[in-house]
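Coordinate analysis (summary)
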Amino acid sequence: MLTEREPDPLAARIFDVCLTLHAEHTINASTFSAMVTASTLTDPYAVVASAVGTLAGPLHGGANEEVIIMLEEIGSVDNVDAYVDHCVEKKAKIMGFGHRVYKVKDPRATILQDLAEQLFEKFGRDDYYDIAVALEKAVEVRLAHKGIYPNVDFYSGLVYRKMGIPTDLFTPVFAIARVAGWLAHWKEQLGENRIFRPTQIYTGTHNEPYVPIEKRDVNAYSISY
Ligand SMILES: CC(C)(COP(=O)(O)OP(=O)(O)OC[C@H]1O[C@@H](n2cnc3c(N)ncnc32)[C@H](O)[C@@H]1OP(=O)(O)O)[C@@H](O)C(=O)NCCC(=O)NCCS
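All of the points below concern the structure found in this document. (Residues numbered from 1 in each chain as written. Predicted model: local features only at pLDDT ≥ 70, side-chain atom pairs only at ≥ 80, totals over all residues. Heavy atoms only, no water.)

**Topic: the environment of I68**
Locating I68 in the fold gives a position in helix α4 (residues 63-74). The sequence separation of I68 and L135 amounts to 67 residues, and the corresponding C-alpha distance is 13 Å. When sequence neighbours within four positions are dropped, the list of residues in contact with I68 reads Y128, G157, L158, R161 and F170. (Helix = DSSP H or I, 4+ residues; strand = E, 2+ residues; numbered from the N terminus. Contact = heavy atoms within 4.5 Å.)

See below:
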């Protein structure tokens, strides 16, 4: 439906495998959002919308989109070392690497890398692939001691790109793979529901004077993304 052409059988098979690899599991950020939203007894559409919103973030499912932007920015294998050195020095996150649970190469990344290679063999190599492989090596040298290795998002973008899926559809594709799991959690939550209401420990100041809006330092409240 996306390409208005009958899919190539290899591409269709690989797409199926991708959906399985991206299936929902454990209490990751978007599942947690779904559970919190479900606990208010809202409708399942709102539960899925809430989960999609969380999934889209670059630290979660939005990372595969960021990986493509990053590979474009690096531009050539020759620039990889300098790019990684810069990120390490600035303590900047390298997209598609690291995982809260996996402290080794994410097993899904290994399978996706193999799928990417199968696609390249049939449809031609992607220039970004060489940069990606060099990046993986460079990150391993510098960050393996912290357990930072490629995650599921590192090679998935290259696979989708080769299939002709536009970058801004990566998160919707990811959501397709997760929606059944989110709804299973919705159902489970309703079974023995209690609204999520975490407590907090306030560590801020007390007895602050009220400052009229025109007297406030606007720069103190500016947020950069
Ligand atoms: C996935 C992610 C959010 C997990 O976070 P986490 O387990 O809470 O790890 P933290 O953010 O606490 O990082 C722990 C350490 O590893 C470093 N680190 C984690 N991910 C990193 C990355 N992608 N690039 C560089 N350094 C990274 C942090 O700087 C931190 O270093 P420090 O201990 O010297 O301060 C994180 O690895 C990340 O932001 N990755 C990039 C985004 C991404 O690919 N997300 C998709 C996840 S499937």
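There is more to say after this.
**Some points on the site of the ligand**
Taken together, 20 residues lie around the ligand, and K91, I94, F97, R100 and K146 are the ones closest in. The contact in question runs from an oxygen atom of the ligand to an N or O atom on the side chain of N151, over 2.9 Å. When isolated, the ligand has an accessible area of 860 Å², and the protein chains bury 71% of it. Residue composition of the shell around the ligand, grouped by class: nine nonpolar, five polar and six charged. (Near = heavy atom within 4 Å. Polar contact = N/O pair within 3.5 Å; in protein donor to acceptor, adjacent residues only side chain to side chain. Areas by Shrake-Rupley, 256 points an atom, 1.4 Å probe, with all protein chains shown as cover. Nonpolar A, V, L, I, M, F, W, Y, C, P; charged D, E, K, R; others polar.)

**So, unusual backbone geometry**
The backbone of T26 sits at a positive phi, close to 55 degrees, despite the residue not being glycine. You can see T26 is positioned in the loop between α1 (9-21) and α2 (29-38). Backbone geometry places K91, a non-glycine residue, at a positive phi of 55 degrees. Its location among the elements puts K91 in the loop between α5 (80-90) and α6 (107-123).

**Comments concerning the side chain of H22**
Structurally, H22 can be placed in the loop between α1 and α2. H22 gets classed as buried once you look at its relative accessible area, which sits at 1%. Residue contacts for H22: discarding those within four places in its chain leaves L112, V152, S156, Y160, F174, A177 and R178. (Buried < 20%, exposed > 50% of the residue type's maximum accessible area, 1.4 Å probe, protein only.)

**Some points on the packing of α6 against helix α8 (residues 152-162)**
How two helices sit against one another is set out by the angle between their axes and by the gap between those axes. It is at 8 Å that the axes of α6 and α8 come closest, and there the two elements cross at 20 degrees. On the basis of their axis angle, the class for α6 and α8 is roughly parallel. Handedness of the α6/α8 crossing: left-handed. Every residue of α8 that contacts α6 at R108, A109, L112, Q113, A116, L119, F120 and F123 is listed here: V152, Y155, S156, L158, V159 and K162. Of the residues in the contact of α6 with α8, the class split is ten nonpolar, two polar and two charged. (Axes fitted to C-alpha atoms, helices over the stretch in contact; angles between N-to-C directions. Parallel < 35°, antiparallel > 145°, perpendicular 65-115°, else oblique. Left-handed = near helix turned anticlockwise from the far one by under 90°.)

**Topic: the pattern of salt bridges**
Pairing between side chains of opposite charge can happen when the charged atoms of each approach one another. Counting across every chain of the model gives seven salt bridges. Residue R142 pairs with D81 through a salt bridge whose shortest N-O separation is 3.4 Å. Residue R142 is located in helix α7 (residues 127-143), and its partner D81 is located in helix α5; the two are separated by 61 residues in the primary sequence. The class of D81 is partly exposed, set by a relative accessible area of 42%. Close ionic contact of D85 with R142 constitutes a salt bridge, the shortest N to O distance being 2.6 Å. One end of the pair, D85, is in helix α5; the other, R142, is in helix α7, with 57 residues separating them in the sequence. (Salt bridge = Lys/Arg side-chain N within 4 Å of Asp/Glu carboxyl O.)

**Description of the packing of aromatic side chains**
Enumeration over the complete set of coordinates arrives at seven aromatic pairs. Centroid distance F97 to F154: 4.6 Å. Interplanar angle 50 degrees. Geometry classified as tilted. Note that F97 is positioned in the loop between α5 and α6 and F154 in helix α8, a separation of 57 residues in sequence. Judged by relative accessible area, F97 falls into the buried class, the value being 9%. In this structure F154 comes out as buried when scored by relative accessible area, which is 0%. With centroids separated by 4.8 Å and ring planes inclined at 70 degrees, the aromatic side chains of F154 and Y155 adopt a geometry described as edge-to-face. The exposure classification of F154 matches that of Y155, with both residues buried. Cluster of aromatic residues (ring-pair linked, three or more members): F97, F120, Y129, F154 and Y155. The residue whose ring lies beneath R161 is Y128, and the NZ or CZ to ring-centre distance is 4.0 Å. (Phe/Tyr/Trp six-rings, centres within 6.5 Å; stacked < 30°, edge-to-face > 60°. Lys NZ or Arg CZ within 6 Å of the ring centre and 35° of its normal.)

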